[in-house]
Amino acid sequence: MRPVSPVRPLIPSPDGLSIEVIDQTLLPHQSHVVKLSTRDEVAHAIHSMIVRGAPLIGASAAWGLVFALRDHASNQALEESCAILNATRPTAINLAWALKRMRDHLLPLPPSDRFEAAQREARAICEEDESQNYAIGQHGLAILQALYKQKQRPLRVLTHCNAGALATVGWGTALAPLYLAQLAGVPFKVWVDETRPRNQGALTAWELHRAGIQHTYIADNAGGHLMQHGLVDCVIVGADRVSAQGDVCNKIGTYLKALAAKEAGIPFYAAVPSPTLDWTIQDALKEIPIEERNADEVTWVQGLTKEGKLESVRVTPVGVESGNAAFDVTPARLITGILTEQGLFAATLSGLQSLQQQLTLSQESTEKHHPV
Ligand code: MRU
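Heads up: these notes are all about the structure in this document. Each chain carries its own residue numbering, running from 1 in the direction its sequence is written. Thresholds applied to this predicted model are a pLDDT of at least 70 for local features of residues and 80 or more for the giving and counting of side-chain atom pairs; totals over whole chains, interfaces and linings are not thresholded and use all residues. Only hydrogens and water are removed before side-chain values are computed, so all heavy atoms of the structure are retained for them.

**Some remarks on the overall build of the chain**
Strands are runs of DSSP state E lasting at least two residues, helices are runs of H or I lasting at least four, and both sets are numbered from the N terminus onward. What the chain contains, in helices and strands, is twelve helices and 16 strands. Here the chain has a C-alpha radius of gyration of 20 Å; the compact-globule value for 372 residues is 21 Å, and the two agree. Seen through its principal axes, the chain has C-alpha atoms that stretch 65 × 55 × 40 Å. Residue burial is assigned from relative accessible area. The probe radius is 1.4 Å, only protein chains are included, and a residue is buried under 20% of its type maximum, exposed over 50%, and partly exposed in between. Looking at the 372 residues of the chain, the share that counts as buried comes to 53%. A total of about 16,500 Å² of accessible surface is found on the chain, and carbon and sulfur atoms cover 54% of it. Computing the positive centroid from 32 side-chain charges and the negative centroid from 38, the chain places the two 5 Å apart. Radius of gyration here uses only the C-alpha atoms, and the compact-globule reference equals 2.2 Å multiplied by the residue count raised to the power 0.38. All accessible areas in this document rest on Shrake-Rupley with a 1.4 Å probe, and a residue is counted as covered only by the protein chains that are shown. Positive: Lys, Arg. Negative: Asp, Glu. His and the chain ends are not part of the count. In plain terms, the charge of a residue is placed at NZ if it is Lys, CZ if Arg, CG if Asp and CD if Glu.

**Here's the deal with the pattern of salt bridges**
Here, a salt bridge means any Lys or Arg side-chain nitrogen found within 4 Å of an Asp or Glu carboxyl oxygen. Within the structure shown, the criterion is met by 18 salt bridges. The residue Glu-130 makes a salt bridge to Arg-8 at a minimum N-O spacing of 3.0 Å. Taken together, the residues span a long stretch of sequence, with Glu-130 in helix 5 (residues 111-151) and Arg-8 in the segment before strand 1 (10-12) at a distance of 122 residues. For Glu-130, a relative accessible area of 9% gives the class buried. When the shortest N-O distance is used, the salt bridge between Lys-286 and Asp-283 registers 3.7 Å. Overall, Lys-286 belongs to the exposed group, its relative accessible area being 73%. One continuous salt-bridge network, built from bridges that share partners, spans Arg-89, Arg-198, Glu-291, Arg-293 and Glu-297.

**Comments concerning the site of the ligand**
By convention in this text, a residue qualifies as near a molecule or strand provided that one of its non-hydrogen atoms is within 4 Å of it. Near the ligand there are 19 residues, and of these Arg-52, Arg-89, Asp-240, Asn-250 and Lys-251 occur at the shortest range. Any pair of N or O atoms that falls within 3.5 Å is considered a polar contact. Within protein, one atom must be able to donate a hydrogen and the other to accept it, and sequence-neighbouring residues count only if both atoms are side-chain atoms. A distance of 3.0 Å separates an oxygen atom of the ligand from a polar backbone atom of Gly-53. Here an oxygen atom of the ligand sits 2.8 Å away from a polar atom, N or O, in the side chain of Gln-200. For the ligand, whose unbound accessible area comes to 420 Å², protein coverage reaches 100%. Sorting the residues of the shell around the ligand by element identifies helix 2 (54-71) and strand 9 (248-251) as the ones contributing at least two each. For the shell around the ligand, the class distribution of residues is eight nonpolar, seven polar and four charged. The nonpolar class holds Ala, Val, Leu, Ile, Met, Phe, Trp, Tyr, Cys and Pro. Asp, Glu, Lys and Arg form the charged class, and all remaining residues, Gly among them, are polar.

**A short note on the packing of aromatic side chains**
Note on aromatic pairs: the rings of Phe, Tyr and Trp (six-membered ring only in Trp) are paired at centre separations within 6.5 Å, and the planes decide the class, stacked below 30 degrees, edge-to-face beyond 60, tilted for the rest. Counted according to the given criterion, the structure contains three aromatic pairs. Look at Trp-171 and Tyr-179: their rings are 6.3 Å apart centre to centre, the planes differ by 70°, and that puts the pair in the edge-to-face class. When its relative accessible area of 3% is taken as the criterion, Tyr-179 is described as buried. Site record: aromatic cluster; members linked through ring pairs are Tyr-134, Trp-171 and Tyr-179. The ring of Trp-191 has Lys-189 sitting right over it, with the charged end atom 3.8 Å from the ring centre. Two thresholds decide whether a charge sits over a ring: the Lys NZ or Arg CZ must be within 6 Å of the ring centre and within 35 degrees of the ring normal.

**Notes on the sheet that holds strand 9**
Strand pairing is assigned whenever DSSP identifies at least 2 bridges connecting the two strands. Here four strands make up an open sheet; going across it, the order is 11-8-9-14 and the pairing mixed. The open sheet terminates on both sides in strands that have one partner only, identified here as strand 11 (277-278) and strand 14 (327-330). Looking at chain direction, strand 8 (residues 241-243) and strand 9 are connected through two bridges and run antiparallel. Bridge pairing links Arg-241 to Cys-249 in strand 9. Here, residues are in contact when the closest pair of their heavy atoms is within 4.5 Å. Every angle, taken between N-to-C directions, lies between 0 and 180 degrees, and every axis is a line fitted to C-alpha atoms, over only the stretch in contact when it is a helix. Packed on one face of the sheet, helix 9 (residues 254-264) meets strand 9 and strand 14 and runs near 30° to strand 14.

**Quick look at the nonpolar core**
In globular proteins that are soluble, nonpolar side chains generally tend to be buried together. Each nonpolar core is a collection of buried residues, namely Ala, Val, Leu, Ile, Met, Phe, Trp, Tyr and Cys, held together in the definition by side-chain atoms within 4.5 Å. One finds Leu-10, Trp-63, Leu-65, Val-66, Met-102 and Leu-106 to be the most contacted residues of the largest nonpolar core, which totals 38 residues. Counting residues per element, the ones that place at least two in this core are strand 2 (19-22), helix 1 (39-47), helix 2, helix 3 (75-86), helix 4 (93-106) and helix 5. Counting residues per element, this core draws most heavily on helix 2, which supplies eleven residues. Excluding its chain neighbours within four sequence positions, the residues that come into contact with Leu-65 are Leu-78, Ser-81, Cys-82, Leu-85, Leu-99, Met-102 and Leu-106. If you look at the next biggest cluster of nonpolar residues, it comprises 28 residues, including Val-157, Leu-180, Phe-188 and Leu-208.

**With respect to unusual backbone geometry**
Going from Leu-27 to Pro-28, the amide bond is cis rather than trans, its omega being 0°. Relative to the elements of secondary structure, Pro-28 occurs in the loop between strand 2 and strand 3 (33-36). Cis geometry is found at the peptide bond from Arg-196 to Pro-197, where omega equals 10°. Take Pro-197: it is sitting in the loop between strand 5 (188-193) and helix 7 (201-211).

**Focus on the pairing of strand 14**
Burial along strand 14 is two-sided: Phe-327 and Val-329 facing one way and Asp-328 and Thr-330 facing the other are all buried. The pairing of strand 9 with strand 14 spans four bridges and is antiparallel. Bridge assignment links Lys-251 to a residue of strand 14, and that residue is Phe-327.

**Some details on the sheet that holds strand 3**
Strand order in the open sheet made by the three strands is 1-2-3, with antiparallel pairing throughout. Each end of this open sheet is capped by a strand with a single partner; those strands are strand 1 and strand 3. Between one strand axis and the next, the sheet turns by 20° as a mean value, whatever way the strands run. Note: strand 1 against strand 2, three bridges, orientation antiparallel. Bridging from a neighbouring strand, Pro-12 pairs with Ile-19 of strand 2. Along the sheet face, helix 2 touches strand 1, strand 2 and strand 3 and points at about 30° away from the line of strand 1.

Next up, the structure:
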């Protein structure tokens, strides 16, 4: 039996009329649960990053659509709500993926059946996310076990941003192999990039600390130095969108880590559930929209004062101009492999074509055993 995810940041109510989410804008300092029960509350939660991380954004949007359909279930209302939710964040493809899946499933149904069907589909998206991430964890564990066998000493794994349970419905993507490695008794520690400007590395540290996994929080600029000195055995990151060729769009700074890893000969994996693949993207650099966020995220930082009060402080002089591109694209040539729920695939067109074939086969087998 599958163990329970160490953190579950989205929990639907039993009646499917609301969801409870952890407000990630307050973590790691305050753990506060918020109840969302309207489309606009969900749209706000995604836009303001109360919920964040590609798979969690997609799952939340699916519930946002459920709540919209409770009140208005016509074709026009369905299309309008999809458009509103889809506009909340541009880069993570899981958002558009989840909304398209919901829309394609619901549009052929009579409006009176749509609300309950939407509840079932949103629950299915959540359950699948959790099981896909757990499978990623199992495939990643095999990689870590092989690495441990080769090194014969505790491993050092570096990760960027937060691709943990908090960024998903359960288990996380990049952190799933680490949770399972801990359960399997593989000795390791984690280098956690702070991931400026929003410091999502602190969310990773929060997760690892709760799970009792050894880790060290480092400045973003430290990764290259650690790799040069042989202190990193592999890098595992998540992704917000992956092209058909295996280029990986992820949190800003991922590209620099991949360059340093390539130079140092360190394996670099992207942990990616299949909904994060965008098969329509040929040229990731040109075609993936990169979110440009509010410059205040760079010029201000949030943290606890010595008195334990949550405060924001400015780090630049007033009036300084700043830029805040939230994501970058790591070219496939820098990536050792794409770790998916179906296993490890080469970050190449043909590597991902075999993934696509495997996904089709597994879909056919599910439909055969559980006909709709
Ligand atoms: O801006 P965020 O915090 O939503 O960005 C999150 C990331 O970049 C994650 O690494 C990515 O979504 C993968 S999460 C499994």
